[in-house]
Amino acid sequence: MIIADAVLEQVLEFREERSVIQRELIGQWQAPLISFTMNIAGPRKRIPLTEFAFDETIKDIRQLLGEPKEYRELRSAAGREAFFVYPRTAAELKENAVHLEEQTPAGRLLDIDVLTPLGEKLSRGNERKCLICGGPAFPCARSRKHTVEEIERKTRQLLCDFVVDRISGYAVQAMLDEVRLTPKPGLVDMANNGAHRDMDLELMEKSANSLRAYFQTAVRLGIEKGDACAQELQSAGIEAEKTMFLTTGGVNTHKGAVFLLGLLCAGTGRLLGEAGGDVFADAARIAAGLRSGPDITHGAAVKKRFKAGGARAEALAGFPHVVMAYRLLHRGASQYEVLLSLLRDVEDSNLLWRGGKDGLAYVQNTAKRILTMEKEQRERELLKFDEECIRRNLSPGGSADLLACALFLNYLPFTRL
């Protein structure tokens, strides 16, 4: 009873603070106001899943409506609320709010109110549906037709579906962003096929898009099974490789990305499904549970000959090069600077396979030299670097995969080092 009273007191305090901010912003701007929170059943309003959905919806509002005249946020144990002031009509804002609430099933958890300059809350025009049965929400709520436990289970399911869809989309987008970065030394980009005769930009894009379902599986496994998902993730990865080869006609476009991004998707799911943590450590623990594969791949041959660990060693070590690349992105470095930093530091197994130690040394030394140059000179040297890598048949595919991993993590609102 004491706990229930404390929760109720927090909710009442939250509502009072919200009303104060709403009145203040409307009085200051004399303009319509968006007031956004989430409908979360039960006493735990702020868990990693709800935090992610809230942050992503803020991004959606900004993407749909642009930057507001003013933005504020209220945070407490009772939840979060975001306030946006836009120089638009209240009716236009409400139309967009309803669109956001209805574009996905998880939108049922969003509560995006629009207040007029007079402080009146606009009606959405049609009654919201019940979370459980799909009927009108108000009669179900009034009669308490559904138990709190049912509502909490459904809420978690919708949040998980939202997270799975959003994060898998980010994984695919990161792969597309990497391949479209132009120019890249020896790699497929929008200008040429690099040192590859069997793949081009269109094939790489098809390959990336074919892996979306696999990344969805990886995120969901992380949410539902945490560290114990390794074996199922590995089985899903094997099937994903089959899908990739079927899509590409047998060309290995993204095998490294299947491994690394799959682990990071699972680690992200584990982080959000549990009580938070560190995505790199979580993904590394999952990697430690994977079975060793047959020593018949290029990566295995390189490891045996040159003692270079490749993608598996990167994962087991906690993704040190991905961490480095992500930190550079977060500090404002360009994607070119990040890629060159990876080329400088990584013992890329693809380079070792194609060019041996001499090929690796050439790429590392050239990347190090270009990083010291001014921007205009760097752009010219990158083109020469690309031409020479093509001539030498060198393609740093491992570094490209690591860049895609860093780009993926840079999309996530909670990955901060």
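Residues numbered from 1 in each chain as written. Predicted model: local features only at pLDDT ≥ 70, side-chain atom pairs only at ≥ 80, totals over all residues. Heavy atoms only, no water.

Draft legend 1. Up close: the pattern of salt bridges. Applying the stated criterion across every chain yields a total of 31 salt bridges. Between E51 and R46 there is a salt bridge; the shortest N-O distance is 3.0 Å. On the basis of relative accessible area, R46 is assigned to the partly exposed category, the value being 31%. Connected through salt bridges with shared partners, the residues R46, E51, D55, E73, R75 and R80 form a single ionic network. (Salt bridge = Lys/Arg side-chain N within 4 Å of Asp/Glu carboxyl O. Buried < 20%, exposed > 50% of the residue type's maximum accessible area, 1.4 Å probe, protein only.)

Draft legend 2. Broad picture of the pairing of strand β3 (residues 79-85). Counting buried residues in β3 gives 7 out of 7 residues, a clear majority hidden from the surface. Side chains G79, E81, F83 and V85 of β3 all project onto a buried face; the interleaved residues R80, A82 and F84 project onto the opposite face, where all are buried too. With 4 bridges connecting them, strand β1 (residues 33-38) and β3 associate as antiparallel partners. Bridge pairing links S35 to F83 in β3. The pairing of strand β2 (residues 70-76) with β3 spans 7 bridges and is classified as antiparallel. Counted as the bridge partner of R72 is F83 from β3. Where β2 folds back onto β3 in an antiparallel hairpin, the turn is made up of 2 residues. (Helix = DSSP H or I, 4+ residues; strand = E, 2+ residues; numbered from the N terminus. Pairing = 2+ DSSP bridges.)

Draft legend 3. Representation of the side chain of T37 within the structure. Residue position: T37 is located in strand β1. The class of T37 is buried, set by a relative accessible area of 10%. A distance of 2.7 Å separates the side chain of T37 from the backbone oxygen of R80, its partner in a polar contact. Look past the residues within four positions of T37 in its chain and what remains in contact with it is R18, F54, R80, E81, L109, L110 and D111. (Polar contact = N/O pair within 3.5 Å; in protein donor to acceptor, adjacent residues only side chain to side chain. Contact = heavy atoms within 4.5 Å.)

Draft legend 4. Looking closely at helix α15 (residues 349-371). Here α15 is 23 residues long, yet its end C-alpha atoms lie only 22 Å apart, well below the 33 Å a rise of 1.5 Å per residue gives. Helix geometry: α15 is bent most strongly at G355, by close to 125°. Of the residues that open α15, the one with a side-chain oxygen 2.8 Å from the backbone nitrogen of N350 is D348. (Expected span 1.5 Å × (residues − 1). Bend = angle between axes of the 7 residues up to and from the residue.)

Draft legend 5. Examining the packing of aromatic side chains more closely. Taken as a whole and judged by the stated rule, the model has 8 aromatic pairs. Look at Y214 and F215: their rings are 5.3 Å apart centre to centre, the planes differ by 45°, and that puts the pair in the tilted class. A single burial state applies to Y214 and to F215, both of which are buried. Residues Y362 and F385 carry aromatic rings whose centres are separated by 5.9 Å and whose planes lie at 75° to one another, so their mutual orientation is edge-to-face. With Y362 in helix α15 and F385 in helix α16 (residues 375-392), this residue pair connects regions lying 23 residues apart in the sequence. In terms of burial, Y362 and F385 fall into one category: buried. Through a chain of ring-to-ring contacts, the aromatic side chains of Y71, F84 and Y86 assemble into a single cluster. Cation over ring: R62 sits above Y71, and NZ or CZ is 4.7 Å from the ring centre. (Phe/Tyr/Trp six-rings, centres within 6.5 Å; stacked < 30°, edge-to-face > 60°. Lys NZ or Arg CZ within 6 Å of the ring centre and 35° of its normal.)

Draft legend 6. The arrangement of the packing of helix α5 (residues 148-180) against helix α17 (residues 397-411) in detail. Interhelical geometry of α5 versus α17 gives an angle of 135° and a closest axis separation of 8 Å. Overall, the two elements α5 and α17 adopt an arrangement that is oblique. Judged by the sense of rotation from one axis to the other, the crossing of α5 with α17 is right-handed. Residue-level contacts link I167, Y170, A171, Q173, A174, M175, D177 and E178 of α5 to A400, L403, A404, L407, F408 and Y411 of α17. Looking at the contact of α5 with α17, its residues break down into 11 nonpolar, 1 polar and 2 charged. (Axes fitted to C-alpha atoms, helices over the stretch in contact; angles between N-to-C directions. Parallel < 35°, antiparallel > 145°, perpendicular 65-115°, else oblique. Left-handed = near helix turned anticlockwise from the far one by under 90°. Nonpolar A, V, L, I, M, F, W, Y, C, P; charged D, E, K, R; others polar.)

Draft legend 7. Just the packing of α5 against helix α9 (residues 255-273), in detail. One way to put it is that α5 packs onto α9 with a least axis distance of 11 Å and a crossing angle of 150°. When the axes of α5 and α9 are compared, the pair comes out roughly antiparallel. Our pair here, α5 against α9, has a crossing hand that is right-handed. In this structure, α5 uses R156, V163, I167, A171 and M175 to contact α9, whose residues at the interface are A257, L261, C265, T268, L272 and G273. Residues that form the contact of α5 with α9 fall into these classes: 8 nonpolar, 2 polar and 1 charged.

Draft legend 8. Region of the structure containing the nonpolar core. Core analysis: the largest hydrophobic core is formed by 104 residues, its most contacted members being F385 and F408. Here this core gets 13 residues from one element, more than from any other, and that element is α5. Those residues in contact with F408, other than ones at most four positions away along the chain, are I167, Y170, A171, A174, L261, L264, C265 and T268. By size, the runner-up hydrophobic cluster in this structure holds 11 residues, among which are F14, L25, F83 and L115. (Core = buried A, V, L, I, M, F, W, Y, C linked by side-chain atoms within 4.5 Å.)

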